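Structural overview for review
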Amino acid sequence: MRGVVVKGKRLGSRLGFPTANIVLEPGQTPPLLNGVYLGRVSIDGRDYYAIINQGLHPTFPEGPRTIEAHIFDYDGDAYSKPIELDYIQFMRGEEKFSSPEALVDRISSDVAQAKRLVAQMREQPGGKCIKNH
(Lines give C-alpha, C1' and ligand atoms only; values in the text may rest on other atoms or scores of the structure.)
Protein backbone atom coordinates (compact mmCIF):
# COMPACT_ATOMS: atom_id res chain seq x y z
CA MET A 1 0.00 0.00 0.00
CA ARG A 2 1.18 3.50 -0.78
CA GLY A 3 -0.07 6.78 0.58
CA VAL A 4 0.81 10.01 2.30
CA VAL A 5 0.96 10.92 6.00
CA VAL A 6 -1.64 13.49 7.05
CA LYS A 7 -2.36 15.29 10.30
CA GLY A 8 -4.84 13.55 12.56
CA LYS A 9 -6.38 14.44 15.90
CA ARG A 10 -3.11 13.62 17.73
CA LEU A 11 -4.98 11.18 19.97
CA GLY A 12 -2.20 8.58 19.60
CA SER A 13 0.38 11.12 20.76
CA ARG A 14 -1.75 12.11 23.75
CA LEU A 15 -2.00 8.41 24.69
CA GLY A 16 1.77 7.93 24.39
CA PHE A 17 1.72 6.13 21.04
CA PRO A 18 2.15 8.64 18.20
CA THR A 19 0.85 7.43 14.86
CA ALA A 20 1.25 8.32 11.22
CA ASN A 21 -2.25 8.81 9.82
CA ILE A 22 -2.27 7.60 6.24
CA VAL A 23 -4.42 8.48 3.25
CA LEU A 24 -3.91 5.85 0.58
CA GLU A 25 -3.31 6.67 -3.06
CA PRO A 26 -6.31 6.11 -5.34
CA GLY A 27 -6.73 2.48 -6.27
CA GLN A 28 -5.08 1.13 -3.10
CA THR A 29 -7.25 -1.38 -1.24
CA PRO A 30 -6.34 -2.24 2.36
CA PRO A 31 -7.40 -5.52 3.97
CA LEU A 32 -11.14 -5.65 4.62
CA LEU A 33 -10.81 -6.67 8.26
CA ASN A 34 -10.60 -3.78 10.75
CA GLY A 35 -8.13 -4.24 13.57
CA VAL A 36 -4.46 -4.26 14.48
CA TYR A 37 -1.72 -5.66 12.24
CA LEU A 38 2.01 -6.13 12.51
CA GLY A 39 3.41 -4.27 9.55
CA ARG A 40 6.44 -2.83 7.90
CA VAL A 41 6.59 0.76 6.68
CA SER A 42 8.99 2.58 4.44
CA ILE A 43 9.43 6.29 5.04
CA ASP A 44 12.34 8.66 4.47
CA GLY A 45 14.08 5.90 2.49
CA ARG A 46 14.23 3.55 5.50
CA ASP A 47 12.22 0.54 6.62
CA TYR A 48 10.68 0.17 10.06
CA TYR A 49 8.32 -2.21 11.81
CA ALA A 50 5.02 -0.87 13.10
CA ILE A 51 1.65 -1.77 14.40
CA ILE A 52 -0.98 -0.66 11.93
CA ASN A 53 -4.50 0.05 13.11
CA GLN A 54 -7.31 0.42 10.66
CA GLY A 55 -10.89 0.96 11.58
CA LEU A 56 -13.50 3.22 13.08
CA HIS A 57 -12.00 3.78 16.55
CA PRO A 58 -15.01 2.59 18.59
CA THR A 59 -13.53 3.87 21.87
CA PHE A 60 -13.45 7.40 20.41
CA PRO A 61 -16.07 7.15 17.64
CA GLU A 62 -15.43 10.21 15.54
CA GLY A 63 -15.09 10.26 11.79
CA PRO A 64 -14.57 7.73 9.05
CA ARG A 65 -12.44 4.59 8.85
CA THR A 66 -8.75 5.45 9.20
CA ILE A 67 -5.39 3.77 8.74
CA GLU A 68 -2.63 4.72 11.14
CA ALA A 69 0.75 3.27 12.02
CA HIS A 70 2.70 3.44 15.27
CA ILE A 71 6.21 3.17 13.81
CA PHE A 72 8.86 1.57 16.03
CA ASP A 73 12.06 3.59 16.47
CA TYR A 74 10.97 6.47 14.21
CA ASP A 75 11.16 9.99 15.58
CA GLY A 76 11.12 12.15 12.46
CA ASP A 77 8.43 14.48 11.17
CA ALA A 78 6.32 12.32 8.84
CA TYR A 79 3.66 14.88 7.87
CA SER A 80 3.05 15.15 4.13
CA LYS A 81 5.63 12.47 3.37
CA PRO A 82 4.99 9.47 1.13
CA ILE A 83 4.81 6.15 2.97
CA GLU A 84 4.58 2.51 1.97
CA LEU A 85 2.83 -0.09 4.13
CA ASP A 86 3.19 -3.86 4.12
CA TYR A 87 0.71 -5.77 6.25
CA ILE A 88 2.60 -8.76 7.70
CA GLN A 89 0.22 -10.38 10.19
CA PHE A 90 -3.26 -9.76 11.59
CA MET A 91 -3.01 -9.49 15.39
CA ARG A 92 -6.53 -8.77 16.63
CA GLY A 93 -9.87 -7.30 15.69
CA GLU A 94 -11.12 -3.85 16.49
CA GLU A 95 -12.36 -3.40 20.07
CA LYS A 96 -14.17 -0.79 22.14
CA PHE A 97 -12.46 -0.09 25.46
CA SER A 98 -14.08 1.13 28.67
CA SER A 99 -11.55 3.93 29.21
CA PRO A 100 -8.50 5.59 27.66
CA GLU A 101 -6.38 3.76 30.26
CA ALA A 102 -7.72 0.37 29.13
CA LEU A 103 -6.90 1.32 25.54
CA VAL A 104 -3.34 2.33 26.52
CA ASP A 105 -2.89 -1.01 28.31
CA ARG A 106 -4.00 -2.90 25.21
CA ILE A 107 -1.80 -0.85 22.86
CA SER A 108 1.16 -1.56 25.16
CA SER A 109 0.35 -5.25 24.93
CA ASP A 110 -0.01 -5.03 21.13
CA VAL A 111 3.40 -3.34 20.81
CA ALA A 112 5.05 -5.98 23.03
CA GLN A 113 3.43 -8.79 21.04
CA ALA A 114 4.49 -7.22 17.74
CA LYS A 115 8.08 -6.87 18.93
CA ARG A 116 8.08 -10.54 19.99
CA LEU A 117 6.86 -11.49 16.50
CA VAL A 118 9.64 -9.40 14.93
CA ALA A 119 12.22 -11.12 17.16
CA GLN A 120 10.87 -14.53 16.11
CA MET A 121 11.11 -13.56 12.42
CA ARG A 122 14.72 -12.49 12.90
CA GLU A 123 15.56 -15.90 14.42
CA GLN A 124 14.20 -17.86 11.45
CA PRO A 125 16.67 -18.72 8.70
CA GLY A 126 15.64 -16.80 5.62
CA GLY A 127 12.86 -15.07 7.58
CA LYS A 128 11.65 -11.74 6.26
CA CYS A 129 13.01 -9.00 8.44
CA ILE A 130 14.76 -5.69 8.34
CA LYS A 131 17.88 -4.67 10.20
CA ASN A 132 17.79 -2.99 13.57
CA HIS A 133 18.35 0.75 13.48
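The model shown is predicted, which means the values in this text are computed figures rather than measured ones.

1. Here we look at the pairing of strand β1 (residues 2-6)
- Pairing between β1 and strand β6 (residues 82-93): three bridges, direction antiparallel. Bridged to V4 within β6 is P82.
- Two strands pair when backbone bridges link them, and β1 and strand β2 (residues 20-24) are joined in this way by four bridges, in the antiparallel orientation. Its bridge partner lying in β2, G3 is registered against L24.

2. Quick word on the pattern of salt bridges
- Going through the model one piece at a time under the given rule, you end up with six salt bridges.
- In this structure, R106 engages E95 in a salt bridge whose closest nitrogen and oxygen atoms are separated by 3.1 Å. A residue pair is termed long-range when its members are at least 10 positions apart, and R106 in helix α2 (residues 100-123) and E95 in the loop between β6 and α2 qualify at eleven residues.
- Overall, the relative accessible area of 26% leaves R106 in the partly exposed class.

3. A look at the nonpolar core
- The biggest cluster of nonpolar side chains holds 17 residues, and the ones touching the most others in it are I22, V41, I43, A69, I71, I83 and L85.
- Secondary-structure elements contributing two or more residues to this core are β2, β3 (35-43), β4 (46-55), β5 (66-71) and β6.
- When neighbours within four sequence positions are excluded, V41 is seen to be in contact with R46, D47, Y48, A50, A69, I71, I83, E84 and L85.
- Grouped together as the second largest cluster of nonpolar side chains are 16 residues, I51, L103, I107 and A114 included.

4. Quick look at unusual backbone geometry
- Phi is positive for D73, close to 65°, though the residue is something other than glycine.
- By secondary structure assignment, the location of D73 is in the loop between β5 and β6.
- Classification of D73 as exposed rests on a relative accessible area of 63%.
- The phi dihedral of S80 is positive, around 70°, even though this residue is not glycine.
- You can see S80 is positioned in the loop between β5 and β6.

5. What about the side chain of T59?
- By secondary structure assignment, the location of T59 is in the loop between β4 and β5.
- A polar contact is formed between the side chain of T59 and the backbone nitrogen of F97, at a distance of 2.8 Å.
- Not counting chain neighbours up to four residues away, the residues in contact with T59 comprise E95, K96 and F97.

6. Quick word on the packing of aromatic side chains
- The final tally for this structure, using the stated rule, is three aromatic pairs.
- Ring centres of Y37 and F90 lie 5.1 Å apart, and the angle between their planes is 75°; this geometry places the pair in the edge-to-face category. Note that Y37 is positioned in strand β3 and F90 in strand β6, a separation of 53 residues in sequence.
- On the basis of relative accessible area, Y37 is assigned to the buried category, the value being 6%.
- With centroids separated by 5.3 Å and ring planes inclined at 75°, the aromatic side chains of Y48 and Y74 adopt a geometry described as edge-to-face. With Y48 in strand β4 and Y74 in the loop between β5 and β6, the pair connects residues that are 26 residues apart, well separated along the chain. Residues Y48 and Y74 agree in their burial class; the two are buried.
- When the ring centre of F72 is taken as origin, the NZ or CZ atom of K115, which lies over that ring, is 5.1 Å away.

Calculation criteria
- Residues numbered from 1 in each chain as written.
- Predicted model: local features only at pLDDT ≥ 70, side-chain atom pairs only at ≥ 80, totals over all residues.
- Heavy atoms only, no water.
- Pairing = 2+ DSSP bridges.
- Helix = DSSP H or I, 4+ residues; strand = E, 2+ residues; numbered from the N terminus.
- Salt bridge = Lys/Arg side-chain N within 4 Å of Asp/Glu carboxyl O.
- Buried < 20%, exposed > 50% of the residue type's maximum accessible area, 1.4 Å probe, protein only.
- Core = buried A, V, L, I, M, F, W, Y, C linked by side-chain atoms within 4.5 Å.
- Contact = heavy atoms within 4.5 Å.
- Polar contact = N/O pair within 3.5 Å; in protein donor to acceptor, adjacent residues only side chain to side chain.
- Phe/Tyr/Trp six-rings, centres within 6.5 Å; stacked < 30°, edge-to-face > 60°.
- Lys NZ or Arg CZ within 6 Å of the ring centre and 35° of its normal.

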